[in-house]
Amino acid sequence: MRMRIAFVGKGGAGKSAIAGTFARLLAQRGEPVLVLDSDPLPGLAYSLGMDSTDAGIPDEAVMENPEEGGPRYILREGLTAADAVEQYAAEGPDGVRVLQFGKIHDAGRGLMRSQFAYRQITGQLPDDKWSIVGDLPGGTRQPFLGWGRYATTVLVVVEPMAKSLLSARRLARLQLIDDPPRVVALANKVRDEGDVEMVAERTGLEVIGAVPLDDAMAEADRRGRPVVEDARDSPVVKAIDSLVERLRAEEETA
């Protein structure tokens, strides 16, 4: 089974920027990477170096479910989850594939159909075809009970700030659900080791990495550019690169 991770956190904590950078660095190691974007707000595309798009799973891929008691919409007959990725996921730099369920202003029946299909796809992906990197919606409920069920590891991105710490503490409690993923913290925008210790103490989560407060990330964000291209040797990219190495090593020894 390949890596299956997802990033979550309070809005503005930096999860999309980190998820996109993580995906690029993982793909640069030769891994086939599939990014699952279920955050209804834009942001991940810029971190990947792709044009922002609102497109979800197209209507042609979806049909009404003829069986009672199941989801209202399903993938059309004969279309597997792997086939849907090959046909409808966008391809970005370093060969990263990106599948999303559609953005928030694309409301109505079309978005509903897309989201039903997206959930089916994420639940039926083969274990050995792609390393999966997910960008989950901000908040404290949906990541575990909805769009993040595919993940075996959830990284809670936490700033050393009161609101971000509170959100992370609430996310930590949700690992009490049935068959939870591994839930760990990634300290972001840290100034020193004291910030990392605060994240661990205030969230109760194991902190498996720390990303420094770095002007390179803010400057790349202002330009709408991926920091992995703008500042490859910056401290922030080096920290995310170390996280990639750690999780790959854990996967090999699991």
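Q: Lay out the sheet that holds strand β2 (residues 33-37) in plain terms, naming residues and giving numbers.
A: The strand order across the open sheet formed by eight strands is β5-β6-β2-β7-β1-β8-β9-β10, and the pairing between neighbours is mixed. With one partner strand each, in any of the chains shown, β5 (90-91) and β10 (207-212) form the two edges of the open sheet. Strand contacts of helix α6 (residues 162-173): β1 (4-8) and β8 (153-158), with the helix running at about 160° to β8, the strand carrying the most contacts.

Q: Account for the environment of Arg-29, with residues named and values stated.
A: Mapped onto the elements, Arg-29 comes out in the loop between α1 (15-27) and β2. The class of Arg-29 is partly exposed, set by a relative accessible area of 25%. Ignoring sequence-local partners within four residues, the contact set of Arg-29 consists of Asp-241, Val-244, Glu-245 and Arg-248.

Q: Please set out helix α8 (residues 215-223) residue by residue, giving values where relevant.
A: One turn of an α-helix holds 3.6 residues; hence residues three or four places apart share an orientation. Within α8, burial applies to Ala-216, Met-217 and Ala-220. For α8, the angular spread of buried residues about the axis comes to 100°, placing them on one side. Along α8, the residues that are exposed and aim more than 90 degrees away from the buried face are Asp-215, Asp-221 and Arg-222. Contact partners of the buried residues in α8: α1, α9 (227-230) and α10 (235-253). At the N-terminal boundary of α8, the capping side chain belongs to Asp-214, with an oxygen 3.0 Å from the backbone nitrogen of Ala-216. Once α8 finishes, Gly-224 follows within two positions and takes phi at roughly 70°, a positive value.

Q: I'd love a proper account of the pairing of β2, names of residues and values included.
A: Of all the five residues making up β2, five are buried; the element is thus mostly covered by neighbouring parts of the structure. A two-sided burial pattern is seen for β2, the buried positions comprising Val-33, Val-35 and Asp-37 on one face and Leu-34 and Leu-36 on the other. With five bridges connecting them, β2 and strand β7 (residues 131-135) associate as parallel partners. Among the inter-strand pairings, Val-33 is bridged to a residue of β7, identified as Ser-131. Here β2 runs beside strand β6 (residues 97-100); their pairing, made up of four bridges, is parallel. Bridge pairing in β6 links Leu-36 to Leu-99.

Q: So what about the confidence of the model for the protein chain? Which residues, and what values?
A: On average, residues of the protein chain score 89 in pLDDT, and 93% of them are at 70 or above. Taken element by element, the predicted model of the protein chain shows its lowest mean pLDDT in helix α5 (residues 142-147) (60) and its highest in β10 (97).

Q: With reference to specific residues and values, describe α1.
A: In this model, α1 (13 residues) spans 18 Å end to end at C-alpha, consistent with the 18 Å of a helix rising 1.5 Å per residue. Most of α1 is tucked away, with 13 of its 13 residues classed as buried.

About the cut-offs
Residues numbered from 1 in each chain as written. Predicted model: local features only at pLDDT ≥ 70, side-chain atom pairs only at ≥ 80, totals over all residues. Heavy atoms only, no water. Pairing = 2+ DSSP bridges. Helix = DSSP H or I, 4+ residues; strand = E, 2+ residues; numbered from the N terminus. Contact = heavy atoms within 4.5 Å. Axes fitted to C-alpha atoms, helices over the stretch in contact; angles between N-to-C directions. Buried < 20%, exposed > 50% of the residue type's maximum accessible area, 1.4 Å probe, protein only. Arc of directions from axis to C-beta. Polar contact = N/O pair within 3.5 Å; in protein donor to acceptor, adjacent residues only side chain to side chain. pLDDT = per-residue confidence, 0-100. Expected span 1.5 Å × (residues − 1).

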